[in-house]
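# Coordinate analysis (summary)
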Amino acid sequence: MKCKKCKQPAIIALRRHNAAFCREHYLEYFYGQVERAVKEYRMFARDDRILVAVSGGKDSLALWDVLLTLGYRADGLYIDLGIDGYSERSKEKVLYFARERGANLRIASIKEEYGLGIRELARKARRAACSVCGLHKRYLFNREAMEGEYDAIATGHNLDDEAATLLGNLLNWNTGYLARQSPLLEATAANLVKKVKPLYRLTEREIASYAVLRRVDYIVEECPMAVGAKSILYKNVLNQLEEVSPGTKARFLFGFLEEGRQVFAGEKEEVALKACALCGQPTTAEVCSRCRTLRRAGVTL
Ligand code: AMP
Ligand code: FES
Ligand code: ZN
Ligand code: ZN
């Protein structure tokens, strides 16, 4: 197996591109895909300040590494969800990365703010842990980015994540979500910061290879509360298709972004956003769902 570019021995084969690359040309390919994503969606400019949401997993740490390597002004944000064991171990990876690269890291802790971890908050509010977790992450990403005056929040969502979300949205005909699914979510209200997914063109396997090549030390275990999640099933199904027909995932997602998404444009409800009476973040109701769930869990706001 030889590198497509220089004919030296290759270290990785990418069946979907019918190509193999040596270390140097693989990294070049990888950075090229990120730059293309950033440019195509005008995610951010050279001198913008970016807040990278880092979980300690391979995707978000690889993203932080890429952005720093490409010379972007990227700080990290870690949210300590207070999940026994898992949170400590993932935080350790993030702290190590920041220390090693001399990068700025912000940390927000759910337990410090509310006295309870995500699991307990969800149980007391009688809600699914993952959905409560999602509400708090969204809130904290935005609050921290506003406070630090960042131009964009970047998450590590990859091609597999986005294709699995797309499949789920199609299987359930979530037309409103289909209208909105994109690697770029513009700030639609004054107190919102735009969200971007610069890794959406790269697969999980490609990102894991990048992390290994760049010696990014990440947490391999998944969040214990994600066990049995539908998204894992969708990813497995898509990987089976990819195995038989390389490039399926990319065609599925990119085709949707280029042609399919506009079909659902009419489903985008123009909702009037107002400030939540308790936290001030944009919501369609009087009180946002994060604050309502906190109240249900008995937390005084
Ligand atoms: P997930 O929903 O767990 O697949 O995570 C999607 C993205 O959200 C990751 O790639 C990160 O960018 C971000 N993220 C997830 N968990 C955290 C966390 N605890 N702190 C900061 N960012 C996170
Ligand atoms: Fe949110 Fe596991 S990361 S519930
Ligand atoms: Zn080469
Ligand atoms: Zn609120």
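Each remark here, short or long, concerns the structure printed above.
Given the structure is predicted, the values throughout are model-derived calculations rather than measurements. (Residues numbered from 1 in each chain as written. Chains lettered and ligands numbered in written order. Predicted model: local features only at pLDDT ≥ 70, side-chain atom pairs only at ≥ 80, totals over all residues. Heavy atoms only, no water.)

## Looking at the packing of aromatic side chains
- Per the stated rule, a full pass over the model turns up 9 aromatic pairs.
- On the basis of an interplanar angle of 85 degrees and a centroid distance of 5.8 Å, the ring pair of tyrosine 31 and tyrosine 210 is categorised as edge-to-face. With tyrosine 31 in helix H1 (residues 23-40) and tyrosine 210 in helix H9 (residues 204-213), this pair connects stretches of sequence that are 179 residues apart. With respect to burial, tyrosine 31 and tyrosine 210 carry one shared label: buried.
- Geometrically, the ring pair formed by tyrosine 41 and tyrosine 200 is edge-to-face, given 5.6 Å between the ring centres and 90 degrees between the ring planes. Of the two residues, tyrosine 41 is situated in the loop between H1 and strand E3 (49-53) and tyrosine 200 in the loop between strand E8 (194-196) and H9; the sequence distance between them amounts to 159 residues. (Phe/Tyr/Trp six-rings, centres within 6.5 Å; stacked < 30°, edge-to-face > 60°. Helix = DSSP H or I, 4+ residues; strand = E, 2+ residues; numbered from the N terminus. Buried < 20%, exposed > 50% of the residue type's maximum accessible area, 1.4 Å probe, protein only.)

## Overview of unusual backbone geometry
- A positive phi angle, near 45 degrees, is found at tryptophan 173, a position not held by glycine.
- Tracing the sequence through the fold places tryptophan 173 in the loop between helix H7 (159-171) and helix H8 (175-180).
- Judged by relative accessible area, tryptophan 173 falls into the exposed class, the value being 56%.
- With a phi angle near 55 degrees, arginine 215 is a residue other than glycine that sits in the positive phi range.
- Structurally, arginine 215 can be placed in the loop between H9 and helix H10 (230-244).
- Residue arginine 215 is classed as exposed on the basis of its relative accessible area of 70%.

## Here's the deal with the coordination of the zinc ion (ligand 3)
- The zinc ion (ligand 3) binds to the protein through Cys3 (SG), Cys6 (SG), Cys22 (SG) and His25 (ND1), with metal-donor distances spanning 2.1 to 2.3 Å.
- One can describe the site at the zinc ion (ligand 3) as tetrahedral: its 4 donor atoms subtend angles covering 98 to 116 degrees at the metal.
- Counting the intervening residues between successive donors of the zinc ion (ligand 3) yields the motif C-x2-C-x15-C-x2-H. Of the two residues, cysteine 3 sits in the segment before strand E1 (12-14) while cysteine 22 sits in the loop between strand E2 (19-21) and H1, which places them 19 residues apart along the sequence. (Donors = N, O, S within 2.8 Å, 3.2 Å for Na, K, Ca; no water. Tetrahedral: all angles 85-135°; square planar, octahedral: opposite > 155°, others 65-115°.)

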